Amino acid sequence: MPQQQGQVNELIERLNKFTMDQLLFDSAPKSLRQYIGLVSQCDAVLGNEGGAINMGKAAGIPSLLYFHHRSKNKDGIMTIPAITQFT
């Protein structure tokens with residue numbers, strides 16, 4: 001989503017060179033059909049909770065799912081986001 005581009009850029013900056021070389025920046029799908037076609041060619045899919053990650057799971061693609069929740073522990077400290085892997 002366009003409003004998430006800053007977060008995407010921050011994540012990309014943390015990647016090593018090998019991983020960076022594997023990214024396809026100019027292949028963003030313009031429709032649901034294109035997305036399903038693209039994700040079916042991937043070795044894995046990374047995403048937040050929602051339909052896109054579910055389509056990857058349904059296609060049998062290993063998935064890394066990022067849950068971002070905002071809650072505080074008993075000391076009032078914000079908890080870290082949870083990451084769940086589906087295979």
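The preceding data block contains the structure.
What you are looking at is a predicted structure, and each value in this text was computed from that prediction instead of being measured. (Residues numbered from 1 in each chain as written. Predicted model: local features only at pLDDT ≥ 70, side-chain atom pairs only at ≥ 80, totals over all residues. Heavy atoms only, no water.)

Considering the overall build of the protein chain
Scanning the protein chain from N- to C-terminus turns up four helices and three strands. Looking at the protein chain as a whole, 11% of its 87 residues qualify as buried. Pairs at least 24 apart in sequence give 7% of the contacts found in the protein chain among residues at least 6 apart. Accessible surface for the protein chain amounts to roughly 7,200 Å². Of this, 57% is attributable to carbon and sulfur atoms. (Helix = DSSP H or I, 4+ residues; strand = E, 2+ residues; numbered from the N terminus. Buried < 20%, exposed > 50% of the residue type's maximum accessible area, 1.4 Å probe, protein only. Contact = heavy atoms within 4.5 Å. Areas by Shrake-Rupley, 256 points an atom, 1.4 Å probe, with all protein chains shown as cover.)

Considering the pattern of salt bridges
Note on pairing: side chains with opposite charge can pair once their charged atoms come close. For the structure shown, the criterion picks out two salt bridges. Among the salt bridges present, the one from R14 reaches E10, with a minimum N-O distance of 3.1 Å. According to the relative accessible area criterion, R14 is exposed, its value standing at 64%. For the salt bridge of K17 with D21, the shortest nitrogen-to-oxygen distance reads 3.0 Å. Remark: D21 and K17 occur in helix α2 (residues 17–22); sequence separation between them is four residues, near one turn of the helix. On the basis of relative accessibility, which here comes to 62%, the residue K17 falls in the exposed class. (Salt bridge = Lys/Arg side-chain N within 4 Å of Asp/Glu carboxyl O.)

Considerations on the environment of S63
Note that S63 resides in strand β2 (residues 63–67). As for S63 and V45, which are separated by 18 residues in sequence, their C-alpha atoms are 4.8 Å apart. A polar atom in the side chain of S63 sits 2.9 Å from the backbone oxygen of I61. (Polar contact = N/O pair within 3.5 Å; in protein donor to acceptor, adjacent residues only side chain to side chain.)

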